[in-house]
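Summary of structural features
In case you want the letters, here they are:
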Amino acid sequence: MKKTLKQAFARYAALAVLLAVSGRVHAQLTIQITSGVTHPVPIAVVPFAEPASAGTDVSGVIQHDLTGSGRFSALARAQMPGTPTHAAEVQFPAWKGTGSDYMVVGRVTPLGNGELAVDFNLLNVLTGQSVVRKRFTGPPSALRNAAHRASDAIYQAITGIRGAFDTRIAYVAVIGKGAAQRFQLVVADADGYNQHLILESRFPIMSPAWSPDGKWLAYVSFESHLSAVYVQRVRTGQRYRVSARAGENGAPVFSPGGRRLALTLSGVSGYPQIYVLDLHTQHLTRITHTPAINTEPDWAPDGKSIYFTSDRAGQPQIYRVGVEPGSPTQRITFTDDYNAGPHVSPDGKWLAMVTRADGGYRIAIQNLSTGQFKVLTSGPLDSTPSFAPNSAAIIYSRRSVQGDPGTLATISIDGLTGLTLKPSQGAVQDPVWGPFPPK
Amino acid sequence: MRRFLAVISLAAVLGLAACASKPVKPAASQSAVGAGSGAESSGAAGGANANEGALGSQQSVAGPEQGLLADRTIHFSFDSAQVEGRGVQIVAAHAKYLASHPTARVRLEGNTDDRGSPEYNIGLGMRRAESVRQAMLLQGVSANQITVVSYGMERPVDPANTPSAWAKNRRVDIVYLTPMQPAQ
């Protein structure tokens, strides 16, 4: 997809702007666990043998990932009866005494070509058997990614759900007030580390969306005082203004194949309507026609229909329409008088949204086959839900009524585990979870 | 085999990370890019900030100040895009001025309170700006004198989360722009 999209854009080279963003991200993010399961799995992540030059505490990152998921409790290092780095060195009777069900041992070794190898082994403490073991190699700068990959494998081996630790998020940071206010579009690892500044502006930046291959971001920027939709290559900063029509240009989202962009345009009629823009041909297809607000499109995973918000019945509710011309529109939500911001899980089973319940704005999910509706968060000002690529958790924006600056937060779809990503300064909002890294 | 795949896949990721840390090298197509950027946007010229390079026609000016014309803000009820009460008179005063000054131009900026879904609020702010635009068109203002934009919940005048702050934030601001050049 990358190549074809790049080639398509090459035909419109006059539209491209290389963005040499030299500023820095001002707000660091700190994880705080807000909820976890009642009986987390006890695990001991033993410090890895590492050369002093490694610079990353790999077992520390793994432990941070696993406990941050709310489904594991980690044995404190001071309580460990030893520091084995190979399975053969483990004295299992002593480890059984710590109450740990599982333990992780491993090491980081230089390969001689400047790269490092990370080996880990997940052991069942009761049986002494290896559950999963892997080796990852790469430059020292990618050690955190290797640690997240290990966390993904450990999480999957124990819970049966593919981990999403080695993934990225994009979000908007808002720093300063009044004339000094700045909006920053930032990409970071899912744990808030490795922040990269994508765009900085005095004017609002909104609604980042990842391409399915994780190489592009679409977003809305008001840098000319008016709204425009841009598509930007994350790695190079090269960007293309794909829509700057009269009125609203908003809510971009890539199709599952990555070739098309659904977006909202109000045009001269003044009613926001959903359109599909073919990024190869620049052909624009109008999807909705009702004289009402129609916005916040999101694609069904098969790319054949689009979920969106409309106030055509008086209050915002979520609808679905086929992309083929003349397709019927079906109302999807009926619970409560405000449901907006639909986001479909990658597995197609759930629809996440903002719902107004008990006077607050909260994140809810609806089972798309049974219609079962479940409010997951307590509000009062939650918005912009986005699914993790494993469909097991949602990241969203959260504010309190007391005027706290916005934070990012996650909640698992069973509602049991969550954490916040709190900025060191300013506010963070509009998070969107990227796809799995390429296999 | 499985282990081998893991190594390959990590290498792919690491490769990506390694590339990301390299300085950006202009590719062949980017010279064309540079040529287009002048007319396009401030990104290339502005460096770090995507700001104001080419605002040009969107530059704001003081505009008229007499009587009701000094009032540039129309307020709205919750989830409503209907111009009501004092807003009707404010819109009428500006419409009268614009109709009698055909080179004058305004940008109508729709805004909402900062609760709910951001993009839905962009839509609601746009409906508010459109209500004001339609009223002005009916009162003789020409379409090319008006630009509309919605900032939704992104630019509150009062960031507090109280009913009175919310009421202040549900608004359309009328911003006068540099006048049109008379036709040659």
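Since the model is a prediction, treat every value here as computed from it, not as a measurement.

1. Topic: the overall build of chain B
- Along its length, chain B carries six helices and four strands.
- Nonlocal contacts in chain B, meaning residues at least 24 apart in sequence, comprise 70% of its contacts between residues at least 6 apart.

2. Some thoughts on the overall build of chain A
- From N to C terminus, chain A includes four helices and 31 strands.
- Whereas a compact globule of 439 residues would reach a radius of gyration of roughly 22 Å, chain A reaches 23 Å, a difference of no more than 12%.
- Across its three principal directions, the C-alpha atoms of chain A cover 75 × 50 × 45 Å.

3. With respect to the nonpolar core
- The biggest cluster of nonpolar side chains holds 112 residues, and the ones touching the most others in it are Ala170, Leu217, Ala218, Leu261 and Ile394 of chain A.
- For this core, the element with the highest residue contribution is helix H5 (residues 118-138) of chain B, accounting for seven residues.
- Core analysis: the second largest hydrophobic core is formed by 33 residues, Ala44, Leu143, Ile154 and Ile158 of chain A among them.

4. Examining helix H4 (residues 86-100) of chain B
Residue and element names in this part refer to chain B.
- The end-to-end C-alpha distance of H4 is 22 Å, a good match for the 21 Å that 15 residues give at a rise of 1.5 Å each.
- Taken as a whole, H4 has its buried residues at Gly87, Ile90, Val91, His94, Ala95 and Leu98. Buried positions in H4, seen along its axis, are confined to an arc of 130° and lie on one side of it.
- Next to the buried residues of H4 lie strand S1 (73-75), strand S2 (105-111), H5 and strand S4 (171-177).

5. Quick look at the domain arrangement of chain A
Residues and elements named next belong to chain A.
- Partitioning chain A into domains gives domain 1 (2-27 + 167-433) and domain 2 (39-159).
- Taking the mean C-alpha position of each, domain 1 and domain 2 sit 36 Å from one another.
- Listed as interface residues are eight residues of domain 1 and, on the opposing side, seven residues of domain 2.
- Here the side of domain 1 that touches domain 2 is composed, by residue class, of three nonpolar, three polar and two charged.

6. A word on the sheet that holds strand S7 (residues 130-138) of chain A
All names here are of chain A.
- Taken in spatial order, the five strands line up as S4-S3-S5-S6-S7 in an open sheet, and their pairing is mixed. Lying at the two open borders of the sheet, with one neighbouring strand each, are strand S4 (72-74) and S7. With strand direction ignored, the average angle separating the axes of adjacent strands in the sheet is 25°.
- In terms of strand pairing, strand S5 (residues 102-110) meets strand S6 (residues 116-124) through nine bridges, oriented antiparallel. Pairing of methionine 103 across the sheet is with leucine 123, part of S6.
- Sitting on the sheet, helix H4 (residues 143-159) touches strand S3 (41-45), S5, S6 and S7, and the angle it makes with S7 is about 160°.

7. Here's the deal with the sheet that holds strand S20 (residues 305-310) of chain A
All names here are of chain A.
- Read across the sheet, four strands follow the order S19-S20-S21-S22 without closing on themselves; strand pairing throughout is antiparallel. Of all the strands in the sheet, just strand S19 (294-299) and strand S22 (329-331) have a single pairing partner and so form its edges. Pairs of neighbouring strands in the sheet enclose a mean axial angle of 30°, with direction left out of account.
- Pairing between strand S21 (residues 317-322) and S22: three bridges, direction antiparallel. In the strand pairing of S22, tyrosine 319 is matched with arginine 331.

8. Topic: unusual backbone geometry
Residue and element names in this part refer to chain A.
- Following glycine 379, the chain continues to proline 380 via a peptide bond in cis, the omega torsion being 10°.
- Within the secondary structure, proline 380 is located in the loop between strand S26 (373-375) and strand S27 (381-387).
- With a phi close to 55°, serine 207 is a non-glycine residue in the positive phi region.
- Locating serine 207 in the fold gives a position in strand S11 (residues 205-210).
- A positive phi angle, close to 50°, is found at threonine 384, a residue other than glycine.
- Relative to the elements of secondary structure, threonine 384 occurs in strand S27.
- Overall, the presence of 29 C-beta atoms within 10 Å leaves threonine 384 in the buried class.

9. Observations regarding the environment of glycine 247 of chain A
All names here are of chain A.
- Here glycine 247 shows up in the loop between strand S14 (238-243) and strand S15 (249-254).
- On the neighbour-count criterion, glycine 247 (25 C-beta atoms within 10 Å) is buried.
- Each C-alpha atom, one on glycine 247 and one on threonine 127, is 65 Å from the other, the two residues being 120 residues apart in sequence.

10. A closer look at H5 of chain B
- With 21 residues, H5 of chain B should cover 30 Å at 1.5 Å per step; its first-to-last C-alpha distance of 30 Å lies within 8% of that length.
- Just beyond H5 of chain B, the residue with positive phi is glycine 140 of chain B, at close to 95°.

11. Side note on the environment of glycine 326 of chain A
- On the secondary structure map, glycine 326 of chain A appears in the loop between S21 and S22.
- In this structure the C-alpha to C-alpha distance between glycine 326 of chain A and isoleucine 287 of chain A, which are 39 residues apart in sequence, comes to 8.8 Å.

Scoring rules and cut-offs
Residues numbered from 1 in each chain as written. Chains lettered and ligands numbered in written order. Predicted model: local features only at pLDDT ≥ 70, side-chain atom pairs only at ≥ 80, totals over all residues. Helix = DSSP H or I, 4+ residues; strand = E, 2+ residues; numbered from the N terminus. Contact = placed C-beta atoms within 7 Å. Rg over C-alpha atoms; globule rule 2.2 N^0.38 Å. Core = buried A, V, L, I, M, F, W, Y, C linked by C-beta atoms within 7 Å. Buried ≥ 20, exposed ≤ 12 C-beta atoms within 10 Å, placed from the backbone. Expected span 1.5 Å × (residues − 1). Arc of directions from axis to C-beta. Domains from an automatic or database assignment. Nonpolar A, V, L, I, M, F, W, Y, C, P; charged D, E, K, R; others polar. Pairing = 2+ DSSP bridges. Axes fitted to C-alpha atoms, helices over the stretch in contact; angles between N-to-C directions.

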